[in-house]
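Residues per chain, in single letters:
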Amino acid sequence: LENIQLRAPILCPRPETEELVDWVVQDLRRELGRYGGEEQPPLRLLDVGCGSGVIGLSLAKEFPHAEIVGIDSSEIAVELSTENAQLVLNNKSESNAPRYQALHVPASHYTNVDAHAHTPHTSKEPYRFGFHHVIANPPYILPSDMKSLSPDVLNHEDHNALCGGVSADGLDIVREIVARLPEWTASEPQADADADTGDGIAADIYTARVHANSYCYMEVDDSHPALIQSWLDGTDEEFSGVQFVESGKDLSGRDRFVKLLIAHKNPPRPA
Amino acid sequence: PFDLINHDITFIKLKALMSARYFSSKATVARSISSKIIHKNEIFCNVRSKASDFFTIPKSPNICFRDYHASHLLPSASISDDKKYSVISNDDILGVSFNTSSLPTSALKRISQTHERHKLILHKLQSDEKNAEQLGKELSSLSQVASLYGNLLSLNEEITSLIELAFDAAESKDHRFAEECEEEIAALQSKIPSIEESLIDSILPKDENDAPVVGCLIEIRSASGGDESSLFANTLFDSYSRTAKLMGFSVEIMDLNETEIGGVREVILSVTSGNGGYNSDSSGLDIKQFGPYGYFKYESGVHRVQRVPVNDVRIQTSTASVAVLPQSSVNSQNSAIPPSDLKIEVMRSSGAGGQHVNTTESAVRITHIPTKISASIQDERSQHKNKAKAMKLIETRVLAFYKEEEDRALGETKRGLMGGGTRSERIRTYNYPQDRISDHRCKQTMHGIDSLLMGSAETGLVWTFAPHLRKLHRDELIKDMEGDKIENDNDESGKGRKKRKK
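What you see is a predicted model; the values in this text were computed from it and never measured.

A word on the overall build of chain B. A count of helices and strands for chain B gives ten helices and 15 strands. Residues counted as buried form 45% of the 502 residues belonging to chain B. On chain B, roughly 26500 Å² of surface is accessible, and the fraction owed to carbon and sulfur atoms is 50%.

With that out of the way, let us pick up the nonpolar core. Counting 40 residues, the largest nonpolar core has B:Ile218, B:Ile220, B:Leu236, B:Tyr240, B:Val271, B:Tyr295 and B:Phe296 as the members making the most contacts within it. For this core, the secondary structure elements donating two or more residues are strand S5 (215-222), helix H5 (226-246), strand S7 (264-273), helix H6 (292-296), strand S9 (316-327), helix H8 (449-453) and helix H9 (461-490) of chain B. Leave out the neighbours within four places in its chain, and B:Tyr240 touches B:Ile218, B:Ile220, B:Phe296, B:Glu299, B:His303, B:Val322, B:Arg428, B:Leu461 and B:Val462. Core analysis: the second largest hydrophobic core is formed by 30 residues, A:Ala66, A:Ala85, A:Tyr217 and A:Leu261 among them.

Between chain A and chain B, the residue contacts involve 28 residues of the former and 19 residues of the latter. Interface area, chain A with chain B, both sides summed: about 2000 Å², of which 43% is carbon and sulfur. Per-residue buried area on chain A facing chain B is highest for A:Pro15, A:Glu18 and A:Leu251; these three make up 29% of the total on that side. Across the chain A-chain B interface, the total number found is zero salt bridges.

Contact geometry of helix H1 (residues 15-33) of chain A with helix H7 (residues 383-409) of chain B gives a least axis separation of 8 Å together with a crossing angle of 65 degrees. Contact residues: A:Pro15, A:Glu18, A:Glu19 and A:Asp22 in H1(A); B:Gln383, B:His384 and B:Lys385 in H7(B). Among the residues making up the contact of H1(A) with H7(B), the classes are represented as one nonpolar, two polar and four charged.

We now examine the sheet that holds strand S11 (residues 363-368) of chain B. In any sheet, the strands associate via hydrogen bonds between backbone groups, in a parallel or an antiparallel arrangement. Residues and elements named next belong to chain B. With respect to topology, three strands assemble into an open sheet ordered S10-S11-S12, the strand pairing being antiparallel. The open sheet is flanked by strand S10 (342-347) and strand S12 (373-377), the only strands paired with a single partner. When strand polarity is set aside, the average angle formed by the axes of neighbouring strands in this sheet is 15 degrees.

This part is about the side chain of B:Gln355. Here B:Gln355 is to be found in the loop between S10 and S11. Among the polar contacts made by the side chain of B:Gln355, one reaches the main-chain carbonyl oxygen of A:Pro138 at a distance of 3.0 Å. Those residues in contact with B:Gln355 that sit more than four places away from it in its chain are A:Leu11, A:Arg14, A:Asn137, A:Pro138, A:Pro139, A:Tyr140, A:Ile141, A:Val153, A:Ala161, A:Leu162 and A:Glu219.

It is worth spelling out the pairing of strand S6 (residues 242-249) of chain A at this point. Residues and elements named next belong to chain A. Sheet analysis places S6 next to strand S7 (residues 255-262), joined by seven bridges and oriented antiparallel. In the sheet register, Gln243 faces S7, and the bridge partner there is Leu261. A loop of five residues connects S6 with S7, the two strands running antiparallel in sequence, and Gly253 in this loop sits at a positive phi of about 85 degrees.

Residue and element names in this part refer to chain A. For chain A, the average pLDDT comes to 78, and 75% of its residues sit at 70 or higher. Mean pLDDT across the secondary structure elements of chain A bottoms out at helix H7 (residues 189-197), with 48, and peaks at strand S4 (residues 133-136), with 93. The low-confidence segment residues 191-203, where pLDDT is below 50, has seven contacts with residues more than four positions distant or belonging to other chains. Predicted confidence for residues 266-271 stays below pLDDT 50, and this span has eight contacts to residues more than four positions away or in other chains.

The next subject is the side chain of B:Gln306. All names here are of chain B. Residue position: Gln306 is located in strand S8 (residues 301-307). Reaching out from Gln306, the side chain makes a polar contact with the side chain of Asn431 at a distance of 2.9 Å. In this view, Gln306 contacts Ile315, Gln316, Thr317, Thr429, Tyr430, Asn431, Tyr432 and Pro433; residues no more than four positions away in its chain are not counted.

This paragraph deals with helix H3 (residues 75-89) of chain A. Residues and elements named next belong to chain A. With 15 residues, H3 extends 21 Å between its outermost C-alpha atoms, agreeing within 8% with the 21 Å of an ideal straight helix rising 1.5 Å per residue. What H3 keeps buried is the set Ala77, Val78, Leu80, Ser81, Asn84, Ala85, Val88 and Leu89. All buried residues of H3 fall inside an arc of 165 degrees around its axis, so they share one side. Residues of H3 that are buried sit in contact with helix H2 (54-62), strand S2 (66-72) and strand S3 (100-104). Of the residues that open H3, the one with a side-chain oxygen 3.2 Å from the backbone nitrogen of Ile76 is Ser74.

The tally for this structure, following the rule as stated, stands at 15 aromatic pairs over all chains. Consider the rings of A:Phe129 and A:Phe131, whose centres lie 6.4 Å apart with planes at 45 degrees: the pair is tilted. A:Phe131 carries the same exposure label as A:Phe129, and that label is buried. Judged by centre distance (5.0 Å) and plane angle (85 degrees), the rings of B:Tyr295 and B:Phe296 are edge-to-face. Note on accessibility: B:Tyr295 and B:Phe296 belong to one class, buried. Every member of this aromatic cluster is reached through a ring pair, and the members are B:Tyr240, B:Phe249, B:Phe290, B:Tyr295, B:Phe296 and B:Trp463.

With that settled, the discussion passes to the pattern of salt bridges. One pass over the structure, following the stated rule, counts 25 salt bridges over all chains. A salt bridge links A:Arg180 to A:Glu183; its shortest N-O distance comes to 3.7 Å. Here A:Arg180 pairs with A:Glu183, and both are found in helix H6 (residues 172-185), just three residues apart, close to one helical turn. For B:Arg474, the salt bridge goes to B:Glu197, with nearest N and O atoms at 3.3 Å. Pair noted here: B:Arg474 is in helix H9 and B:Glu197 is in helix H4 (residues 175-203), with a separation of 277 residues, a long-range link. Classification of B:Glu197 by relative accessible area gives partly exposed; the value is 42%. Linked by salt bridges that have partners in common, A:Asp27, A:Arg30, A:Glu246 and A:Lys259 make up one network.

A separate point is a negative patch on the surface. Residues and elements named next belong to chain B. Taken together, the side chains of Glu158, Asp174, Glu179, Glu180, Glu183 and Glu184 make up a negatively charged region of the molecular surface. When residues in the negative patch are grouped by element, the largest group, four residues, is from H4. Mapping Glu184 onto the fold places it in helix H4. On the accessibility criterion, Glu184 (43% relative accessible area) is partly exposed.

Parameters at a glance
- Residues numbered from 1 in each chain as written.
- Chains lettered and ligands numbered in written order.
- Predicted model: local features only at pLDDT ≥ 70, side-chain atom pairs only at ≥ 80, totals over all residues.
- Heavy atoms only, no water.
- Helix = DSSP H or I, 4+ residues; strand = E, 2+ residues; numbered from the N terminus.
- Buried < 20%, exposed > 50% of the residue type's maximum accessible area, 1.4 Å probe, protein only.
- Areas by Shrake-Rupley, 256 points an atom, 1.4 Å probe, with all protein chains shown as cover.
- Core = buried A, V, L, I, M, F, W, Y, C linked by side-chain atoms within 4.5 Å.
- Contact = heavy atoms within 4.5 Å.
- Buried area = accessible area lost by both parts, 1.4 Å probe.
- Salt bridge = Lys/Arg side-chain N within 4 Å of Asp/Glu carboxyl O.
- Axes fitted to C-alpha atoms, helices over the stretch in contact; angles between N-to-C directions.
- Nonpolar A, V, L, I, M, F, W, Y, C, P; charged D, E, K, R; others polar.
- Pairing = 2+ DSSP bridges.
- Polar contact = N/O pair within 3.5 Å; in protein donor to acceptor, adjacent residues only side chain to side chain.
- pLDDT = per-residue confidence, 0-100.
- Expected span 1.5 Å × (residues − 1).
- Arc of directions from axis to C-beta.
- Phe/Tyr/Trp six-rings, centres within 6.5 Å; stacked < 30°, edge-to-face > 60°.
- Patch = residues over 30% accessible without salt bridge, like charges linked within 9 Å, V, L, I, M, F, W, Y side chains within 5 Å.
- Lys, Arg positive; Asp, Glu negative; His and termini not counted.
- Charge placed at Lys NZ, Arg CZ, Asp CG, Glu CD.

In structure tokens, the structure reads:
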């Protein structure tokens, strides 16, 4: 991506993040390649902690038919990524709805379920989810490491965008994300209804899509892949539905990335 | 009239008649000889290597290449220096076939074989052959040669029937008619050279990398001469990038290593064919048919400059080296090199990396493990981009390396321009005091260094020398083909031939 605007205190994109996007692009290309390219199935992607928007926008450029939603707890990030979407994309899909949308909401609150009552909110508009895949570069620095960061980072970048929370392992935000993954990637009821009236081909592709796996790709601290793997492999009931698939190394040879699989809880649609 | 049979002729040197003036004077002599050869179809001579008698014989369809019976040479036979005839033996018959054109024998042999094959395929296809599709493809690849050769043959037939008319006219003393015929013959004969040129072109091996889609990497490095050399490298860099853009190509700088005084230590350019077409109204070598590689390929080698440096009074000689490599149009997703053969290193500060660090040192070095070829790029601020560039460089270099090895393994020591030139060969001298550029390969000298360097795509440096270099290359290829033929005839199997044809 060129000509992206950056603004303090939003994080400068790191090279490792480029590698994350590369990985996602390769996987997605392989998956979409199965459809032969004529009828591209709808593709909704979520960028958690979008910051300047580079992850979501790079994907939007690679996959012109994709719809991207970016969320961030910082209002500045939402503004910035929306501006960048304008610059990079001309931000319109065929139906004139914006292809890239940035929302000001932290991952923990990006839900339609009331945390305490476990019932759907009635007071506000429900969020539209139905994401096929989730990509995140969440804050992941361990609190103990924060003070040893270089002045370049400490003095100019938002600490909230860096520090992975209060827990010593720095995985708080990651945990919040993982908890929401099943909800985010559940197929949409409305889309189901729409597909009913569509022609045969679209319905087939949609059905195929529902059965296809949803993945979550994250960039994390080099201590995290191992921790995440042992955590998820221990099948904690609360997080059932999310499995560890694999980790990846960055070009410096450090464990940097994880790929998680969200098994859908929805029953398959009748054909 | 000369009675051939009764002479022990030790050598016949035949000259293909190209002009009408041989006609009227020797017509009678020629005719009697030719009729002897045709009608009696008997022996002609013992061939030995010394010349003793000369005859000139007009072209005649009855004594032409089509009557060539492929066979081996008699041990006592030899081929004349100008290769205009060869001695054939077909068991009982020892005859002489005349090469009726100026085409080299080997070329003509190959052309006529192609023509035969073409006819054969046509015949097969008509009778509903099983491999129709494959044969069809072969047919279309042969069709150009076959049709050109067909043109040549029918032209020859026309000429020779006119020759016979002229003979008859001369004999019946109708000199005016004979003259008219001769004029007509001359006119027809003047068409032959261009057909023959096209024929040769159609059977010479073509460089598939000349095609418009094939881009190239141009690497310019300063060599000997310190500062002067780097300034000259910069001059070449400017000239080539300017020319490339004027040709409508896209130029991307992969890597640039400059000196403080404005010189260039090393620069790597990626030149790809752009979408813009190039409109050329020049005749001759069609500039449009070449892509970036085809256009720049003869620039590979060492360029030597002789001039007075800015801070001195004496002439200094320095050199810069240029390498032009074809770029495959394969994109990085489908790299021809297995990723496991590559070692990718990133030059970054030690420490935790990732979000911990926000300085963007993103130099990438890729090493191809089997060949130890490496490429490193640190130009862009994006590691991703640097990696992509380094990959392109590695691919190009590794593929070129393997191709060279392949060629060497086949025992093809390509000389001259056919081999693409060795990189350490000094190909050109730029002499500023005398304002001239001399190319040592085609031995051409052009004047006006500045206008050549800053010229347009057609008047500039590259294209001014290109026609000469291409002709040189073509001549080498023809000679090579000749050399093949002799080897082939001496060597029973045809394997050497098959390997070379790609």
